Amino acid sequence: MRIFAGKDEVLAAVGETLGTSDWVEVTQRMVDQFAEATGDHQWIHVDPERAKRESPFGGPIAHGYLTLSLLPLLGSQIFGFDNAKLGINYGSNKVRFPSPVPVGAKVRSTAVLADANEVAGGALQLVVQHTVEIEGGSKPALIAEAVSRVVF
């Protein structure tokens, strides 16, 4: 776990791999709850029996945006900040889903601090590239740059 004490430490770490999270299992319950929260009830996600019969993936898969929404959980296992007054999500860049995540699979993220700079108001804007892999998979499930702002 990489803990940054202040702006200077963050700025000095640009380009570094910050670490890799633990494996997290993507369950059918998570998929169903995400479907409820977003209104995306496509059968390929929420109907395991039909997905086993008709899906090219052999069963239900997680929503791509569910995988993206796991970045705060996975990222919190990789890095954090001492003495931060505030941290917010600011957006995402270059989001891609190269491979679907089958329900029951485990995923983890490796994070690289791609960029960091001061912005108006004294906040530090970070761009962290996450590569989310599937245990035993040959291609990543997600490659995305998460943009956040931190005030120390």
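Details of the structure are given in the entry above.
Everything numeric here is computed off the predicted structure, so don't read it as measured data.

Trainee: A description of the layout of surface pockets should follow, citing residues and the corresponding values.
Mentor: Volume-wise, the largest pocket comes out at about 430 Å³. In this structure, the largest pocket is lined by 22 residues; those nearest its centre are Leu71, Pro72, Asn89, Ala146 and Ser148. Mapped by element, the contributors of at least two residues to the lining of the largest pocket are α5 (64-69), α6 (71-76), β4 (79-81), β5 (86-96), β7 (124-134) and β8 (142-151). At 6 residues, the largest contribution of residues to the lining of the largest pocket is made by β5. Of the residues in the lining of the largest pocket, the class split is 12 nonpolar, 9 polar and 1 charged.

Trainee: Can you lay out the pairing of β8 for me, pointing to particular residues and giving the numbers?
Mentor: Examined bridge by bridge, β5 and β8 share 8 bridges and lie antiparallel to one another. The partner of Gly87 across the bridge, within β8, is Val150. Bridging between β7 and β8 involves 9 bridges; their strand directions are antiparallel. Looking at the pairing, Val132 lines up with Leu142 of β8.

What counts as what
Residues numbered from 1 in each chain as written. Predicted model: local features only at pLDDT ≥ 70, side-chain atom pairs only at ≥ 80, totals over all residues. Heavy atoms only, no water. 1 Å grid on protein atoms, 1.4 Å probe; cavity = no way out; pocket = protein on both sides within 12 Å on 5 of 7 lines; lining within 4 Å. Points joined across faces, edges and corners; volume = space filled by probe spheres on them. Helix = DSSP H or I, 4+ residues; strand = E, 2+ residues; numbered from the N terminus. Nonpolar A, V, L, I, M, F, W, Y, C, P; charged D, E, K, R; others polar. Pairing = 2+ DSSP bridges.

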